[in-house]
Amino acid sequence: MTRPLIGLLVLTSLGACRPRASAPPTSPPPSSSAAALGASMAKAQECRRLAARPVTPEEEQRFGAELARLLRLRASDRTNADGGVSPEPPWATLTDRERAEVEQDLTSLGQRLASSSARPSLPWSFTVVETERSLFFSAPGGFVSISTGLLARVENEAQLALVLSLAITGAASGRDLKELRRMRETACLAEQLQADLPAEMKSFSEPRLTPEQTQATSLHMLSGLVAASAMDFTEDEVTTAVHAVAGAGLQPVDGARLLDGLPREGDGWRIDGPGLAALVRKHAEPPRGKKLSAPRSKAADLISRKKAP
């Protein structure tokens with residue numbers, strides 16, 4: 001998927017572009033122009049080779065962990081338009097014991113589903129985000145998150161399994177890694193451009209961001225990232241997720257009912273629950289000779305008890 005934030009994360013998380021020491025102001029003689037052009041072309045070729053290089057498991061983990069962290073921060077951000085902070089309702093927050101119980105249940109179900117995914121060997125991680133927003137999302141490396149707000153809407157394990165399976169399928173698809181490889185080249189070329197600026201122009205170039213400024217910019221850009229992709233799945237991915245749920249003996253059509261009821265969130269989070277629900281129903285054919293169930297969900301029940309008056 002197209003994600004403008006990835007280029008920035010490449011710079012900060014993978015160290016694709018590191019600052020270079022500024023050279024003293026010099027004016028190369030005209031005779032060096034051909035040599036400089038050749039050097040620039042060689043550097044551009046290096047950038048193209050960088051884009052073609054496969055992402056290592058270590059790079060995927062670093063990139064995915066940083067993206068997941070920023071997504072969780074963005075999901076739980078309650079800053080209003082006037083700069084104030086709106087508190088989460090009490091039911092949306094968890095004690096350490098409650099969080100441990102919820103994440104243990106998410107991990108148990110998530111690992112079952114991930115075992116039949118395209119990448120079962122990833123170090124899958126399932127976390128809960130304390131916000132009343134109804135959200136779920138994933139990042140490369142097997143990082144999956146679901147909000148307390150969405151858990152409060154879940155009626156049974158089959159519904160929870162569907163949203164987890166969709167998130168797992170998105171993380172296992174590798175689409176973010178394809179974008180990451182493309183952005184490597186962009187980051188490399190940007191570094192080259194900065195280095196090749198004439199000395200007299202360097203003072204007019206944009207200053208490099210501090211880590212604090214980078215994080216603030218990343219969080220701002222995440223609004224566009226999530227709006228474009230929080231629940232953006234291809235039909236093939238939905239089909240894969242549906243089959244995984246049915247393969248686990250759970251009823252995916254129940255999950256479609258959950259998606260139907262999701263609100264179209266604002267504040268940078270786009271939800272197309274009904275569109276996803278239609279695809280789920282289209283592909284939710286139960287395996288022959290297998291009875292599908294929809295048992296209660298411990299994680300969802302815990303949140304529902306907290307929300308009950």
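Shown above is the structure to which this text applies.
Calculation notes
Residue numbering note: each chain is counted from 1, following its sequence as written. Given that the model is predicted, a residue must reach a pLDDT of at least 70 before its local features are reported, and side-chain atom pairs must reach 80 or more before they are shown or counted; all residues, however, enter totals for whole chains, interfaces and linings. In computing side-chain properties, one takes all heavy atoms of the structure into account and sets aside hydrogens as well as water. Among buried residues, the Ala, Val, Leu, Ile, Met, Phe, Trp, Tyr and Cys ones that are joined through side-chain atoms within 4.5 Å form a nonpolar core. Each residue's exposure class comes from its accessible area (1.4 Å probe, protein chains only) as a fraction of the maximum for that residue type: buried when under 20%, exposed when over 50%, partly exposed otherwise. For the purposes of this entry, the term helix denotes a DSSP run of H or I that reaches at least four residues, the term strand denotes a run of E that reaches at least two, and both are numbered from the N terminus. The contact definition used throughout considers only heavy atoms, calling two residues in contact when any of these lie within 4.5 Å. Each polar contact in these results corresponds to two N or O atoms within 3.5 Å; when the atoms are within protein, one needs to be able to donate a hydrogen and the other to accept it, and residues that are neighboring in sequence are counted only if both atoms are side-chain atoms. When DSSP locates at least two bridges between a pair of strands, those strands are taken to pair. Axis lines are fitted through C-alpha atoms, for helices just across the contact stretch, and the angle between N-to-C directions can take any value from 0 to 180 degrees.

Draft legend 1. Representation of the nonpolar core within the structure. The biggest cluster of nonpolar side chains holds 63 residues, and the ones touching the most others in it are Val102, Leu106, Trp124, Leu151, Leu160, Leu166 and Leu259. If you tally residues by element for this core, the top one is helix α6 (residues 157–172), at eleven residues. The residues contacting Leu160, other than those within four sequence positions of it, are Asp105, Leu106, Leu109, Ile146, Leu151, Val154 and Ser297.

Draft legend 2. Spatial organisation of the environment of Asp260. By secondary structure assignment, the location of Asp260 is in helix α11 (residues 252–260). Sequence separation between Asp260 and Asp272 is twelve residues; the distance between their C-alpha atoms is 8.7 Å. Setting aside residues up to four positions removed in sequence, Asp260 forms contacts with Gly273, Pro274, Ala277 and Arg281. Here the side chain of Asp260 touches Arg281 through a polar contact of 2.6 Å, side chain to side chain.

Draft legend 3. Inspection of the sheet that holds strand β1 (residues 125–129) at higher detail. Ordered by their spatial adjacency, three strands build an open sheet running β1-β3-β2, and the pairing between neighbours is mixed. The open sheet terminates on both sides in strands that have one partner only, identified here as β1 and β2 (136–139). Recorded for the sheet is a direction-independent mean angle of 20° between the axes of neighbouring strands. One ladder, built from five bridges, connects β1 with strand β3 (residues 143–147); its direction is parallel.

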